[in-house]
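Tertiary structure, described
These are the residues of each chain, in order.
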Amino acid sequence: MTGESRPAAGSTSPGVFLGRTALLGLSGRVARPTSRPAEPPAEVEAEPQGSRGRPGGAGGGGERPGGAPEEGAGRRRAEPARTPLERRHARGVDRPRAVLPDAAVRSSARGAGTGSAGPRSSGNAAAGGARGTRDERQSSPDGARVRCVLAEMRIQKLGVIDDATLELHPGLTVVTGETGAGKTMVVTGLHLLSGGRAEASRVRVGADRALLEGRFLVPAGTGAALVASDAGAEPDEDGSLIALRSVGADGRSRAHLGGRSVPVGVLAQLAEQTLAVHGQNDQLRLLRPAEQRAVLDRFGGEEITELRDRYREVRSEWMRVTEELTERRDRARELAREAELLRHGLTEINAVAPRRAEDVELQQEAKRLADVDQLREAAAAAQAAVSGAPDGDPEQPGALGLLGEARRRLGGVDDPRLRDFEPRVSEALALLVDVGAELGGYLEDLEADPDRLQSVLARQAELKALTRKYAADVDGVLDWAEEAERRLAEVDTSDDALAALRARREELGGLLAGHAVELSAARARAAGRLAEAVTAELGGLAMPHARLVVSVAVRECDEGDPAALNVDGRWSHAGPDGVDDVELRLVAHDGAPELPVHKGASGGELSRVMLALEVVLAHADPVPTLVFDEVDAGVGGRAAVEIGRRLARLAVTHQVVVVTHLAQVAAYADRHVVVDKGSGSGITRSSIRQLEPGERVVELARMLAGMESTETGRAHAEELLEVAERDRATFRLVHTTG
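Everything quoted here is computed from the prediction, not taken from an experiment. (Residues numbered from 1 in each chain as written. Predicted model: local features only at pLDDT ≥ 70, side-chain atom pairs only at ≥ 80, totals over all residues. Heavy atoms only, no water.)

Of the regular secondary structure elements, the protein holds 23 helices and 17 strands. Looking at the 738 residues of the protein, the share that counts as buried comes to 49%. Contacts in the protein between residues at least 24 apart in sequence constitute 75% of all its contacts with a sequence separation of at least 6. Looking at the protein as shown, the accessible area adds up to about 34,700 Å², and 51% of this sits on carbon and sulfur atoms. (Helix = DSSP H or I, 4+ residues; strand = E, 2+ residues; numbered from the N terminus. Buried < 20%, exposed > 50% of the residue type's maximum accessible area, 1.4 Å probe, protein only. Contact = heavy atoms within 4.5 Å. Areas by Shrake-Rupley, 256 points an atom, 1.4 Å probe, with all protein chains shown as cover.)

Set out below in C-alpha cells:
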C-alpha cells in the first residue's frame, strides 16, 4: 500500500509505464538491497490480534533486509514491504515490452526516493513482502480453489488522490477514512477500470489526465483469460494481466490491456468476468426485469440452465417456421410474382439444357472450324519439312532424308568415337517418323465442315441468350438455376405449402409450450427458496421486518404478437428466456404493500438487499470480485456487526472490497486501508496506506467515537477485533470442512 509519491531531488516526475512487468510506480520508499533472500509466503488469513508473527515462524526471528536475523520476534521491520512490481522495479528486472503512448519511463531515482508510505503490521508486512506469490495468485483465502483476483490498483490524478497504490487482499479489503478524504475515488477508479463512463470532472484540478492501473491475477482457462486472448493482450511473466485506463481533462478516454491498446468495451468485458461494483448508484441493474430474472436463474442453478437451454433450442426453430409462415402469408402476392419469374427462368434454362464449361468447348471448336484453311496450310508445310516433298523430289529431302543420310555416313566409318553418334541420330529419326505420321493423320481429319460450324454457332447463340439474362457464363447460369430451385421451394405460397408450415408450427409450439411450463415451474420453486434465504439475511441487516418476494408471472400478450405462444389456453409472449416475468418485490415492514424493490427500498436498504442477494448467490456467482460502496449506510449497532459478519463470510469464497464508515464492518477486514486527507499549497491531497494492528485499533476507535486516544474507545476497538477474528476463523473452518 502506498501513499503519495515523493520523487528524490532531481528526479523527473513519474510517468505511466506499462510493460510486461511494470504496472505501478514506486512510492518513494528507500530501496532494499537486491541480494535479500526471498521472503516465505505469507499467511493469507489474519492471525488473532496480538499474535502476529514473522514469516520465519511464530515467535521466531525473521530476517533483516540484509539477510541477518532480527533480534526480537515482536519488533517491527525497519522498512515497509514493497509490492511485487515495486520489488522487480527496484531490482531493475522490469523491462517493458511496450510503452504506452504519452507515457514516460519512470526515473530510476524514484526507486531510491526518500518518501515513506504508511507503516504496516509485522504480519501484514510479511504478507506484503510475499504478495503476488502462490498463496494470493492461485488460491482463495482458504486455499480451496483457483480464481481471479484484482491484486493491485494504482490511482493517479483522480479527484483528491494525487498518486496512490491500493493492494487488495484476496479476501476482505476494507477502505475507511474521514468524510471528504476521497474514499469514493477508490470506487470511482474501479468503475473506470471496469470500462465505466469517463467524466472529465473527475480529473484532478491542474492535471492533464487521470490514470488508473490494475493488476489482475488471471488463471489460464478462465473467462477473463479468454477475453484477454481475444483482445491480443499478453500476460506478465508471473501470469498477471495489466489493465490501464486514462481519462483526459478534455474528457477523452483511452484503454490498454496487456500492453495493447484496446477499446474501452474490452475492459468492460474483462470486468464482466472479474468484478462487480455495487454502490449507491449501482443498483440500476436490479431495475431491469431481465437482470432480476438472471438473479433467479443463477440461484436455480443447473436445473434452470438445462431447462432454459432446451427451451431456447426449440424456440429458435419455432421462430424460424413462424416467421417463414408469416412472410409467405403476408407477402403472398409479391412472392407469387417472384415464384413465377423463377419458374420462367428455370423453364428457359431447362429448354436449352446447358452443360458446365460447354461455352468454352464450343468456342474452341468454332475457332478451329473457321480457320481450317490456315490450319491445313500450316500442317502441310510442317509435314513437308519433316518428311520431304510429297512427290519424292530429291531436292527437298526433308528432315527425315537428311537424318537418314547422316546415319548412313556415320555407319560407314571406322572411328569408334564418331560412330558413337549413330544411336542418337537413330533415336531422332524414329521420333521424326512418328511426328510425320501424326501430321499426316491431322491433315486427313482436317476437312472443312460448314454444317458443323453453323451448328456450333447456333448453339453458342442459345447459350449467349442465357448468359445475357442470368450470369456471365454457363457455369454461372447453372448456379443461378440451383439457387432458383431452392428459393422456389421457400416462396411456395400454394395451399399445400402453407398447410405444411402451419402443421410444423403447431407441432413445435406444443413442444415449446411444454418446455415453457417446465421452466416456469422450476423458477417458481427457486423463487420461494430465494425469497426465504434473502429474507433471512435481511433480518440481520437492520431490516428485521422486511421480506423479499420473488414474483414469477407469465407475460400475457395478444394473439397477434409475433412471439405469441399458447400456454395452457393463454397467449403468452415466448421470449428468448421463457414466458416469465420475474420481479423482486420488497415488503418493507409488516402491513406494507409489496412494491418493486427499487421503489420499496431506500438507497441504503437497496444496497443491503444487494448484499443479501450476493451472500445467498455466492455459490453461483461467476464474478470473483465484489465491490460494495457504503453498503452500511444508515446502519449501526448490532446490525452493523451482522453486515461485517456477512461480508466476511462472503469473502471466504470471493474477493470483497468494501468502502465503509462503520468500525463494526472494518473490524472484519483481512486487510484494512485508510484514505488520509492532507493539504499543501492550498490543494487537498489524499493518500492511501495500509494499517498495522496497532493502527487498526486507533482507526476503529476513531470510527466508533471520533476520539482515537481514549482508553474506552481503544478497548472497544480491541474487543471488536477479537470478536471479528473468532467469527472469521469460524467461517473459514465451516467452509473448509464443507
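What follows covers the packing of helix α10 (residues 358-370) against helix α15 (residues 450-469). Look at α10 against α15: their axes get within 9 Å of each other, and the N-to-C directions meet at 150°. The handedness of the crossing between α10 and α15 is left-handed. Across the interface between the two elements, Glu358, Asp359, Leu362, Gln363, Glu365, Ala366, Leu369 and Ala370 from α10 touch Arg452, Leu453, Val456, Leu457, Arg459, Gln460 and Leu463 from α15. Partitioning the contact of α10 with α15 into residue classes produces eight nonpolar, two polar and five charged. (Axes fitted to C-alpha atoms, helices over the stretch in contact; angles between N-to-C directions. Left-handed = near helix turned anticlockwise from the far one by under 90°. Nonpolar A, V, L, I, M, F, W, Y, C, P; charged D, E, K, R; others polar.)

Another aspect to go through is unusual backbone geometry. Among all residues save glycine, negative phi is the norm, and among peptide bonds the norm is trans. At Ala353, a position not held by glycine, the phi torsion is positive, near 55°. In this fold, Ala353 is placed in the loop between α9 (332-352) and α10. Positive phi outside glycine occurs at Asp568, with the angle close to 55°. Turning to its location among the elements, Asp568 is positioned in the loop between β10 (564-567) and β11 (570-573).

Turning our attention to the sheet that holds strand β13 (residues 595-596). Across the sheet, three strands lie side by side as β9-β12-β13; this open sheet has antiparallel pairing. Lying at the two open borders of the sheet, with one neighbouring strand each, are β9 (547-554) and β13. The sheet contact formed by strand β12 (residues 580-587) and β13 spans two bridges and is antiparallel. Bridge pairing in β13 places Leu586 opposite Leu595. Along the sheet, helix α7 (residues 289-300) makes contact with β9 and β12, crossing β12 at roughly 85°. Relative to the sheet, helix α17 (residues 495-539) contacts β9 and β12, its axis offset from that of β9 by approximately 170°. (Pairing = 2+ DSSP bridges.)

A few words now on the pattern of salt bridges. Applying the stated criterion across every chain, the model contains 43 salt bridges. In this structure, Arg355 engages Glu358 in a salt bridge whose closest nitrogen and oxygen atoms are separated by 3.9 Å. For Arg355, a relative accessible area of 45% gives the class partly exposed. Taking relative accessible area as the criterion, Glu358 reaches 5% and is therefore assigned buried. (Salt bridge = Lys/Arg side-chain N within 4 Å of Asp/Glu carboxyl O.)

Moving on: the pairing of strand β6 (residues 253-257). Sheet analysis places strand β5 (residues 240-248) next to β6, joined by five bridges and oriented antiparallel. What sits directly across from Leu244, in β6, is His256. Pairing of β6 with strand β7 (residues 260-262), which is carried by three bridges, proceeds in the antiparallel orientation. Counterpart to His256 in the pairing with β7 is Ser261.

Before going further, it helps to spend a moment on the pairing of strand β4 (residues 209-217). Across the nine residues of β4, nine count as buried, placing the element largely inside the fold. Taking every second residue as pointing to the same face, both faces of β4 are buried, with Arg209, Leu211, Glu213, Arg215 and Leu217 on one and Ala210, Leu212, Gly214 and Phe216 on the other. Pairing between β4 and β5: nine bridges, direction antiparallel. Residue pairing across strands places Glu213 opposite Leu244, the latter belonging to β5.

Our focus in this paragraph is the nonpolar core. In this structure, Leu530, Val550, Phe628 and Leu647 are the most contacted members of the largest nonpolar core, which totals 67 residues. If near-sequence neighbours (up to four positions away) are discounted, Leu530 is found in contact with Val295, Leu296, Phe299, Val550, Leu613, Val616 and Leu617. Judged by nonpolar contacts, the second largest core, of 46 residues, contains Leu158, Leu168, Ala243 and Leu275. (Core = buried A, V, L, I, M, F, W, Y, C linked by side-chain atoms within 4.5 Å.)

What follows covers helix α16 (residues 474-490). For α16, built from 17 residues, the straight-helix expectation of 24 Å at 1.5 Å per residue is met to within 8% by its first-to-last C-alpha distance of 25 Å. Turning to α16, its buried residues number three or more, namely Val474, Gly476, Val477, Leu478, Ala481, Ala484 and Leu488. (Expected span 1.5 Å × (residues − 1).)

All right, on to the packing of α7 against helix α8 (residues 302-330) then. Packing of α7 against α8 leaves a shortest axis separation of 5 Å and a crossing angle of 115°. Where α7 abuts α8, its residues Leu296, Asp297 and Gly300 lie against Glu302, Glu303, Ile304 and Arg308. Taken together, the residues that form the contact of α7 with α8 break down as two nonpolar, one polar and four charged.

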